[in-house]
Structure formats: structure tokens, C-alpha cells
Amino acid sequence: MIRLEAITNFGMEAVLKREAIQLGMQNVTVQDGLVTMSGEYPDIARLNLWLRTAERVHLILSTFEAKSFEELFQGVSKIPWDEIMPATANFITEAKSQKSKLFSLSDIQRISEKAIVNKMSKAYGQTWFEKNGARFRIGIRIKNDIATIYLDTSGAGLHDRGYRQRSVKAPLTETIASGLVQLSYWNSDRVLADPFCGSGTIAIEAAMIGRNIAPGLNRKFDFEYWPMEKEIGTKEIRQEAYGLILWDKELEIIASDIDPKAIESARHNIEHLGLEDDIRLFVKDVAQIDYADEYGVLITNPPYGIRIEEESQVKLLNQQLGKLARDLPTWSYYIITSQENFEKEFGKKANRKRKLYNGRIKVDYYQYYGPKPRYTNNKKK
Ligand SMILES: C[S@@+](CC[C@H](N)C(=O)[O-])C[C@H]1O[C@@H](n2cnc3c(N)ncnc32)[C@H](O)[C@@H]1O
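Counting restarts for each chain, with residues numbered from 1 along the sequence as it is written. Local features in a predicted model are, by the rule used here, given only for residues with pLDDT of at least 70; side-chain atom pairs are given and counted only at 80 or more, and totals for whole chains, interfaces and linings are based on all residues. Calculated side-chain values reflect all of the structure's heavy atoms, with hydrogen atoms and water omitted.

We now examine the sheet that holds strand β11 (residues 297–300). In spatial order, the strands read β10-β9-β8-β11-β12-β14-β13; together these 7 strands make up an open sheet with mixed pairing. In this open sheet, the two strands that pair with only one neighbour each are β10 (279–283) and β13 (352–358). The mean angle between the axes of side-by-side strands here comes to 15°, regardless of whether they run parallel or antiparallel. When DSSP finds two or more bridges between two strands, those strands count as paired. Each helix is a run of DSSP H or I of at least 4 residues and each strand a run of E of at least 2, with the numbering of both proceeding from the N terminus. In the sheet, β11 pairs with strand β12 (residues 332–337) via 4 bridges, with the strands oriented parallel. Bridge pairing in β12 links Val297 to Ser332. Across the sheet, helix α7 (residues 201–210) touches β8 (192–194), β9 (253–257), β10 and β11, and the angle it forms with β9 is around 170°. Any pair of residues with heavy atoms lying within 4.5 Å of one another is described as a contacting pair. As a rule, the C-alpha atoms of each element are fitted with a line to give its axis, helices using only the stretch in contact, and angles between N-to-C directions run from 0 to 180 degrees. Helix-sheet contacts for helix α10 (residues 260–273) involve β9 and β10, and the interaxial angle to β10 is about 160°.

The next point concerns helix α5 (residues 105–124). Quick reminder: α-helices carry 3.6 residues per turn. Residues three or four places apart thus point the same way. End to end, α5 covers 28 Å across 20 residues, agreeing with the expected 28 Å (1.5 Å per residue, within 8%). Only protein chains enter the calculation, and the probe is 1.4 Å; a residue is then buried if its accessible area is under 20% of its type maximum, exposed if over 50%, and partly exposed in between. Looking at α5, one finds that the buried residues are Ile108, Ile111, Ser112, Ala115, Ile116, Met120 and Ser121. Once α5 ends, the next one or two residues include Gly125, with phi positive near 65°. In this scheme, a helix's expected span is set at 1.5 Å multiplied by one less than its residue total.

Attention shifts here to the domain arrangement of the protein. By a widely used convention, the size of an interface equals the accessible area lost when the partners come together. Here the domain parsing of the protein yields domain 1 (2–152) and domain 2 (174–211 + 222–368). The split into domains, and so the bounds of each, comes from an automatic or database assignment of domains. Using C-alpha coordinates to define each centre, domain 1 is positioned 33 Å away from domain 2. Between domain 1 and domain 2, the contact holds 28 residues from the first and 27 residues from the second. Two parts placed together each lose some accessible area; with a 1.4 Å probe, that loss summed over both constitutes the buried area. In this assembly, domain 1 packs against domain 2 so that about 2400 Å² is buried in total across both faces, 64% of it on carbon and sulfur atoms. When the area that domain 1 buries against domain 2 is broken down by residue, the three leading residues are Met12, Tyr41 and Arg52, summing to 23%. Throughout this description, the term salt bridge denotes a Lys or Arg side-chain nitrogen within 4 Å of a carboxyl oxygen of Asp or Glu. Across the domain 1-domain 2 interface, the total number found is 2 salt bridges. The shortest N-O distance in the salt bridge between Asp222 and Arg135 comes to 2.9 Å. Definition of a polar contact: a pair of N or O atoms within 3.5 Å, with one able to donate and the other able to accept a hydrogen when the atoms are protein atoms, and with sequence-neighbouring residues admitted only if both atoms are side-chain atoms. Where domain 1 meets domain 2, there are 5 residue pairs in polar contact (both at pLDDT 80 or more). Tallying contributions element by element places helix α2 (residues 42–50) first for the side of domain 1 that touches domain 2, with 7 residues. Its residues assigned to classes, the side of domain 1 that touches domain 2 shows 16 nonpolar, 4 polar and 8 charged. In this classification, Asp, Glu, Lys and Arg are treated as charged, Ala, Val, Leu, Ile, Met, Phe, Trp, Tyr, Cys and Pro as nonpolar, and every other residue, Gly included, as polar.

Turning our attention to the pairing of strand β2 (residues 26–31). Two strands pair when backbone bridges link them, and β2 and strand β3 (residues 34–39) are joined in this way by 4 bridges, in the antiparallel orientation. Note that in β3 the partner of Thr29 across the bridge is Thr36. Between β2 and the antiparallel strand that follows it, β3, lie 2 residues; Gly33 among them carries a positive phi value of about 70°.

With that out of the way, let us pick up the pattern of salt bridges. Taken as a whole and judged by the stated rule, the model has 17 salt bridges. The shortest N-O distance in the salt bridge between Glu252 and Arg280 comes to 3.7 Å. Placement of Glu252 in the loop between α9 (234–243) and β9 and of Arg280 in strand β10 is noted, with a sequence separation of 28 residues between them. Here Glu252 falls in the partly exposed class, since its relative accessible area comes to 23%. For Arg280, a relative accessible area of 43% gives the class partly exposed. For Lys362, the salt bridge goes to Asp364, with nearest N and O atoms at 3.9 Å. Lys362 gets classed as partly exposed once you look at its relative accessible area, which sits at 35%.

Moving on, we come to the environment of Pro227. Take Pro227: it is sitting in the loop between α7 and α8 (229–232). A residue is classified by how much of its surface remains accessible, and Pro227, at 33% relative accessible area, is partly exposed. The sequence separation of Pro227 and Glu83 amounts to 144 residues, and the corresponding C-alpha distance is 8.6 Å. Apart from the residues within four sequence positions on either side, Pro227 is in contact with Ile84, Pro86 and Phe136.

In spatial order, the strands read β2-β3-β1-β4-β7-β6-β5; together these 7 strands make up an open sheet with mixed pairing. Edge positions in the open sheet fall to β2 and β5 (90–98), since each of these has one partner strand only. Neighbour-to-neighbour, the strand axes of this sheet turn through a mean angle of 25°, independent of strand direction. Seen against the sheet, helix α1 (residues 13–22) touches β1 (2–8), β2, β3 and β4 (54–65) and runs at an angle of roughly 170° to β2. Running at roughly 110° to β4, helix α3 (residues 69–77) makes contact with β4, β6 (135–143) and β7 (146–152) of the sheet.

Given below as C-alpha cells:
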């Protein structure tokens, strides 16, 4: 068994925990922004390929008490670095400290690096390391005097699925967009709409869920260049993921935006993934929207005001969303916004409001539940 942890945006821990359990992980526990679990080596590939709301996956190498630099040095020295990293490893250390006696990040980093180099020197018989091989990002996190030493297996953040070829102003990260879809009652037999789609992130993440496409299929991870890759077997897990794609699934996802440039970038991203048959994309002002379906699920991220539009414009947009909701009462509505008075402008109190973070901006996810669908084909009679 190995110990793993996945980091996520504040507010998304419950979704990430559910994802980890669905992937067969054991002993899954949750802290702020962090989900810890146990698994086997192949799970490193499985988690990186499949987790939709995780930002990174760490392999935990050791956990020990470190109240002094000596304890830190000894603890880091006990890790068999030479079995983990080749002599060419381009290793980088990153320190974090919270509520602990050791708090100087530069000292924590320096002492840890010294312990690693000592160990590597003894094993490889050299004192100078060129670091021109595979990248190993080593994390040293000290919290309440307990040090956790881990390897970042992901490399680039997992929100980077490789499909965002073009962006717009203020896009949602892919991990949050996926979390919003997973927090809703949408399932792939229902219509999903985003009338402020921007670069199409919510629609694309929903389509990937609907078709069971692993979000990491189009990218590489740091662990793929490590010696331990032999025990992970990424090739088979990738092949297995291709085999699990639901090619014949029919999806009905509608994405629109007032800005033709946003639609153009969404189209580019959608075509990059080959999802053009799943997402209907068009230019439209939200005021003109009328969906010809019942029991749909609208998930959207309207302009916030602080970033793009002016307050009064944002208010008008929220009022227009509220009118849409009154005109289509069988739909469910899910809106992520930082507007404090959103409910007032929308004209209805949400069934549930969930606090989230979009980057550093505190936002709320307002959830309005419509009635349960009565037909499966969603079409109005
Ligand atoms: C916060 S951005 C959405 C970003 C999107 N979630 C993404 O990930 O790229 C808000 C979007 O609302 C669009 N918008 C502004 N006013 C609109 C209106 N009246 N009707 C439809 N879309 C509008 C903007 O063009 C912008 O793309």
C-alpha cells in the first residue's frame, strides 16, 4: 500500500472524496483543500488520469515529528532517495509551514536538500548533481510540528487538461467547472445549458463526464518519466481509459454567449476534443434565450462585475436569469457568482448556497432545484 493525497480548491473536498472512493481508493479522509487516501502504485496513474476536481496528486514518502532542524534532517535522510530518483534527477524542493516551531521556509528547504544530497552522494558516489534528467518536485509540509514529505506526481496542475487552446477573460478553471457539474443534479440523460459559456469550460467538462472521458488523457504527468513508472504501468491504464469512453452516448449540451469571440474560442476548444456533436454552440444574448426542453439543468458563471462588467449591467443580467427561471419552471438553476445580493436580483432564495473559491476570489454557488424529470427524452410535448 502507498499513501497518496490530492489537493483541490476550498469547497470541493466532498466532490474529490467521492471521486477518490469511486476510483477504489481506501482510507479516504478529508482536510481543508486536501484529500488523503491509500492505494497501490498503479493508482498514481489512475488518479492523475481520472480525478476531475484535483489540482495535484502527491505520493507521500514519509510523515514524522519535526520540532528541530536535526529532527527534520534525520527524517528526510531516512527516505531511500536513491531508490526513488536516478543520479540525473532534476529535483526541486518546496517548503510549507503552518503552526509549527520550524517556520523559516528557506531553512526548511536548505536542510531538507542537504539531507537529500547527502543520501544521493553516498549512493551514487558523486557530490555534484547536474540535475539534467526528469523533474522531481519534492514537497516538505510542516503542520503542527508534523512534517509530511511528498513527491508531486502531476507536474503541471491537473486543471491543465490540454484542451484549452483559446481562452477568454475570467475563465473558470476546469477543475472548478467539473466540480460545479458534479455538485448539480445533472446526469447525462438531461439537457445541460450554459448561457454565459465564455470559452465553454462548463459545457466541455460536462461532456467529458457524460462520455466518461478521463480528463488527463491528452496530457503527460511528471511520474511518467520516473523509474517507478515500471510499477505504475501508465500505458495499460491509459488504454483502459480509452476503452471506457462511451462513444455512442448522445448528449444534449447547449452553450451560448453574447460575444462571438468567446464562442469562437469555445468552438476551438470543443473541436480540439472532438466534442462538436455533443455541444450546441451559438451567439445569443441571455435576454433572448428560450430553451425548447423541459427538466433541463442550467449551470453558469455570469459576469461578476468586479472583473468584467459594471455593477448595473451585472444586476440586469441576474434579473434576466431570474426571468428565464420563471419562464422555465421545470428547470434547475446553478449559478456561481461573487455577487453578494445575487438572490435578490434573481428574485428567489436558493435551495442551497455553497461557499467556494475561484482562484483567490470567494464565490457562492447558488442552487435552485427544479422538479424531478418526468420524461427521459426531455422534450416538451
Ligand atoms: C465569467 S465569463 C464566463 C467564463 C466561462 N465560464 C469560461 O470558463 O470561459 C462571463 C461571460 O458572460 C458573457 N456575457 C456577458 N453579457 C452577456 C449577455 N447579455 N448574454 C450572454 N452572455 C453574456 C461574457 O461574454 C463572458 O464570456
